[in-house]
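Residue-level structural notes
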Amino acid sequence: MALLSYKYGMIMHYGMVLVRFNLDKFMAFSGLSEEETITIPWVLGGEARKEGERVIMEFNPDRPDLYSIQGITRAIRQYTGREKPDKLRVEETSLNISSFPPVERRFFAACIVKGAGVGSLLEYVIDYQEKLHLTIGRNRKKSAIGLHDLRKVRFPLRYASVSRDSEFNPLGGDGRVKISDFMKENDKAKEFGNLVGDMLPAIIDAGGDIISLPPILNSSITQIDESTEDVFIDVTGVDENTVFKTLILMATALSYPSGSISSILINGVKVPELTYRTLPIPSGEVRKIIGYKIKDEEIRLSLEKMGYILGERVMVPPYRVDILGSIDLVEDVLKGIGFQNVRKKRSNFQHYGEEDKLRKAEERVRRLLVGYDLTETVSSVLVNSTFNKIYGVERPFMRVVNPVSQEQDSLRTMMTPSLFQTFLNNLRNPYPQRIFEIGTVYGEEGESEVLGIGIADRNASFSQIKGLLVGVLEDLGIGEYKILRGEASMYIPGRVGEVNVLGRKVGFFGEIHPRILKDLGIKMPVVTGELNLEMIVK
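Residues numbered from 1 in each chain as written. Predicted model: local features only at pLDDT ≥ 70, side-chain atom pairs only at ≥ 80, totals over all residues. Heavy atoms only, no water.

1. Description of unusual backbone geometry
Here the residue pair Pro 214 and Pro 215 is connected by a cis peptide bond, since its omega of 5° sits within 30 degrees of zero. Considering the arrangement of structural elements, one finds Pro 215 in the loop between strand E14 (210-213) and strand E15 (217-218). Here the amide bond leading from Tyr 256 into Pro 257 is cis, since omega sits at 5°, within 30 degrees of zero. If you trace the backbone, Pro 257 turns up in the loop between helix H7 (240-254) and strand E17 (260-262). Phi is positive for Asn 267, which is not a glycine, with a value near 55°. Relative to the helices and strands, Asn 267 is located in the loop between strand E18 (264-266) and strand E19 (269-271). (Helix = DSSP H or I, 4+ residues; strand = E, 2+ residues; numbered from the N terminus.)

2. Re the confidence of the model for the protein chain
Summary statistics for the protein chain give a mean pLDDT of 90 and a share of 94% for residues scoring 70 or more. Here residues 1-14 is a poorly scored stretch, pLDDT under 50, and it has 32 contacts once near neighbours within four places are set aside; other chains count. (pLDDT = per-residue confidence, 0-100. Contact = heavy atoms within 4.5 Å.)

3. Notes on the side chain of His 133
Along the chain, the position of His 133 falls in helix H4 (residues 122-134). From its side chain, His 133 meets the backbone nitrogen of Ile 145 in a polar contact 2.8 Å long. (Polar contact = N/O pair within 3.5 Å; in protein donor to acceptor, adjacent residues only side chain to side chain.)

4. What to know about the environment of Gly 443
Structurally, the position occupied by Gly 443 is in strand E27 (residues 433-443). Residue Gly 443 is classed as partly exposed on the basis of its relative accessible area, which comes to 28%. (Buried < 20%, exposed > 50% of the residue type's maximum accessible area, 1.4 Å probe, protein only.)

5. Points about the nonpolar core
Of all hydrophobic cores here, the largest spans 84 residues; its most connected members are Phe 232 and Ile 233. Beyond its immediate stretch of four places on either side in the chain, Phe 232 contacts Ile 97, Ala 110, Cys 111, Ile 112, Gly 146, Leu 147, His 148, Leu 150, Val 153, Phe 155, Leu 157 and Ile 264. Judged by nonpolar contacts, the second largest core, of 26 residues, contains Leu 358, Ile 453, Leu 473 and Val 501. (Core = buried A, V, L, I, M, F, W, Y, C linked by side-chain atoms within 4.5 Å.)

6. Here's the deal with the packing of helix H1 (residues 23-30) against helix H3 (residues 69-79)
Remark: H1 packs on H3, axes separated minimally by 10 Å, with the N-to-C direction vectors making an angle of 60°. Compared by their axis directions, H1 and H3 come out oblique. Note on packing geometry: the crossing formed by H1 with H3 is right-handed. Counted together, Phe 26, Phe 29 and Ser 30 of H1 and Ile 69, Gln 70, Ile 72, Thr 73 and Arg 77 of H3 form the full contact between these two elements. Residues belonging to the contact of H1 with H3 are distributed by class as follows: 4 nonpolar, 3 polar and 1 charged. (Axes fitted to C-alpha atoms, helices over the stretch in contact; angles between N-to-C directions. Parallel < 35°, antiparallel > 145°, perpendicular 65-115°, else oblique. Left-handed = near helix turned anticlockwise from the far one by under 90°. Nonpolar A, V, L, I, M, F, W, Y, C, P; charged D, E, K, R; others polar.)

7. Concerning the packing of aromatic side chains
Per the counting criterion, the structure on display carries 7 aromatic pairs. The interplanar angle of 75° and the centroid separation of 5.2 Å between the aromatic rings of Phe 21 and Tyr 124 together place this pair among those described as edge-to-face. Here the residue Phe 21 occupies a position in strand E3 (residues 16-22), and Tyr 124 occupies one in helix H4, the gap between them amounting to 103 residues. For the residue pair Phe 21 and Tyr 124, the accessibility class agrees, reading buried in each case. Measuring from centroid to centroid gives 6.4 Å for Tyr 491 and Phe 508, while their planes differ by 55°, and the two rings are tilted. Taken together, the positions of Tyr 491 in strand E30 (residues 491-501) and Phe 508 in strand E31 (residues 504-512) put the pair 17 residues apart, joining distant regions of the chain. (Phe/Tyr/Trp six-rings, centres within 6.5 Å; stacked < 30°, edge-to-face > 60°.)

8. Side note on the pairing of strand E29 (residues 481-485)
As defined by bridge partners, E29 adjoins E30 across 5 bridges and the pair is classed as antiparallel. Following the sheet pairing, Tyr 481 is matched in E30 by Val 501. Following E29, the chain reverses through 5 residues before pairing antiparallel with E30. (Pairing = 2+ DSSP bridges.)

9. A look at H3
Taken across its 11 residues, H3 has 11 buried, putting it largely inside the fold. Among all positions of H3, only Ile 69, Gln 70, Gly 71, Ile 72, Thr 73, Arg 74, Ala 75, Ile 76, Arg 77, Gln 78 and Tyr 79 are buried. Phi turns positive, to about 80°, at Gly 81, one or two residues after H3.

10. Observations regarding the pattern of salt bridges
Per the counting criterion, the structure on display carries 31 salt bridges. For Arg 287, the salt bridge is made with Asp 296, and the minimal N-O distance between the two is 2.5 Å. Exposure remark for Asp 296: the relative accessible area of 38% places this residue in the partly exposed category. The structure contains a network of salt bridges with shared partners spanning Arg 63, Asp 65, Arg 320, Asp 322, Glu 331, Asp 332 and Lys 335. (Salt bridge = Lys/Arg side-chain N within 4 Å of Asp/Glu carboxyl O.)

11. Quick word on the sheet that holds strand E32 (residues 526-532)
Paired through backbone hydrogen bonds, the strands of a sheet run either parallel or antiparallel to each other. The 7 strands lie next to each other as E23-E27-E28-E32-E31-E30-E29, forming an open sheet whose pairing is mixed. The open sheet has two edge strands, strand E23 (375-376) and E29, and neither has a second partner. Where E23 lies against E27, 2 bridges are found, and the strand directions are parallel. Across the sheet, Thr 375 pairs through a bridge with Ile 435, a residue of E27. Sheet strands in contact with helix H14 (residues 462-475) are E27, strand E28 (446-456), E29, E30, E31 and E32, and its direction is about 20° off that of E32.

12. Looking at the sheet that holds strand E20 (residues 277-279)
Strand order across the open sheet formed by 3 strands is E20-E22-E21, with antiparallel pairing between neighbours. Here the strands that pair on one side only, and so sit at the sheet edges, are E20 and strand E21 (309-310). In this structure, E20 lies alongside strand E22 (residues 314-316), joined through 3 bridges in antiparallel fashion. If you follow Leu 279 over to E22, its bridge partner there is Val 314.

13. Remarks on H1
Taken together, the buried positions of H1 are Leu 23, Phe 26 and Ser 30. Projected down its long axis, H1 carries its buried residues within an arc of 65°, all on one side. What points out from H1, more than 90 degrees from its buried face, is the exposed set Asp 24 and Ala 28. Here the buried face of H1 lies against E3, helix H2 (34-43), strand E4 (47-51), strand E5 (54-59) and H3. Between the side-chain oxygen at the start of H1 and the backbone nitrogen of Asp 24 there is a gap of 3.1 Å, and the oxygen is on Asn 22. Note on H1: the residue one or two positions beyond its end, Gly 31, has a positive phi of about 70°. (Arc of directions from axis to C-beta.)

Structural data, given as structure tokens:
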């Protein structure tokens, strides 16, 4: 059984995030009954159960706002109508941070939460911090959070690099130590030291003391405890979106139910901005999916129960980082209604499935070509753009923005490059080599299913490839076709043909130019041909 266990009671189990709370403490904080605590998480898309004195809840990784005691309380109370969604606001302050970001962690964000009232919830606050580290923070690689008691923070602050000769008061340590010694001896430094370079990211206060070495450890100088009321939050990382997302999740959790979020000026820019995205109310999509007409009032009520603010459009809370589009709102409408309350609707028609015409034609072609002693190949739709030029491919190709390998940096716009790649992979195998492939190619008008045939043989000829393509057309029942003279730089002039059906070009074929064969190191004559099966079937 795949089970990963972490400190503070968080468990990742089959991709779900498990959180544990003392049941009495949870009910005291939330004001909810035991029944509501156990049943409502199921409606929200999670699970909950009681085990002794604890309640254990389980949520999908796309709802990090529900990993905290504050977040799940807010969601349940809004669902039960005990409180209405209210727009979060950010109070302005004149507190300033100068940021000179290190290369390793160049994105930095921070804010203040007043009235966080950590108190008896300290273990759950630390628990939530670790959950965010492990999930969206990718174990602190993408983002890491620092929590500080605001009373102990001396502004203005600086975010900059420090050398390993600097000194630091590590959290849980016995006093000031040299950073170089700390990096060798501290468990957290050993675990996360690979995320920093020779110079370490640091947050330095007005007195010159280092209050944090992100993403490794905070200083004991600003340590939070059960008496902490106001919290300074810093988030650093390598991805700007993740850093700000993490800050908002942490701040909106700590500020619930009665705290407030205050901004910080980082290089003169106010951070954070609590932006409410707006989306259309998905009334039509809801009705289409459930199959019957539902009142607009019921849709609006369901969205309010799920924590949205309603006007002419839906206002998405900034902590709902899982909402990407209208289909996510549809899902939440159904949760608000209750899946068990969606009326069943019997279909008033019958429909019998049938094999797709294109797939049927493809299978017919496969059987035919195997009978002609050709071997089917399957290759990637990604090809090397450098070889496209060698092949003489004249069509513009589509580049992959961030290719994993330079060997596969573009989408194929024709099947011939894939056939060539197969021949190149089999240079040491005996000839003749007679292959075909049916697959997707991509062009300006979209994607199409195309047949490609290639023969590498001493006796490969124009008439041979023409005969195979004609055989395919006639086997598919295409009687009205024309073979016309064609032109293509990859083929020998005068040895190129074009296939037309009902006045449209659906294919081409020919003998590959000796210049291309020489550049590729292929010592046998090669003929290739292609037919656009999708155009032919249509």
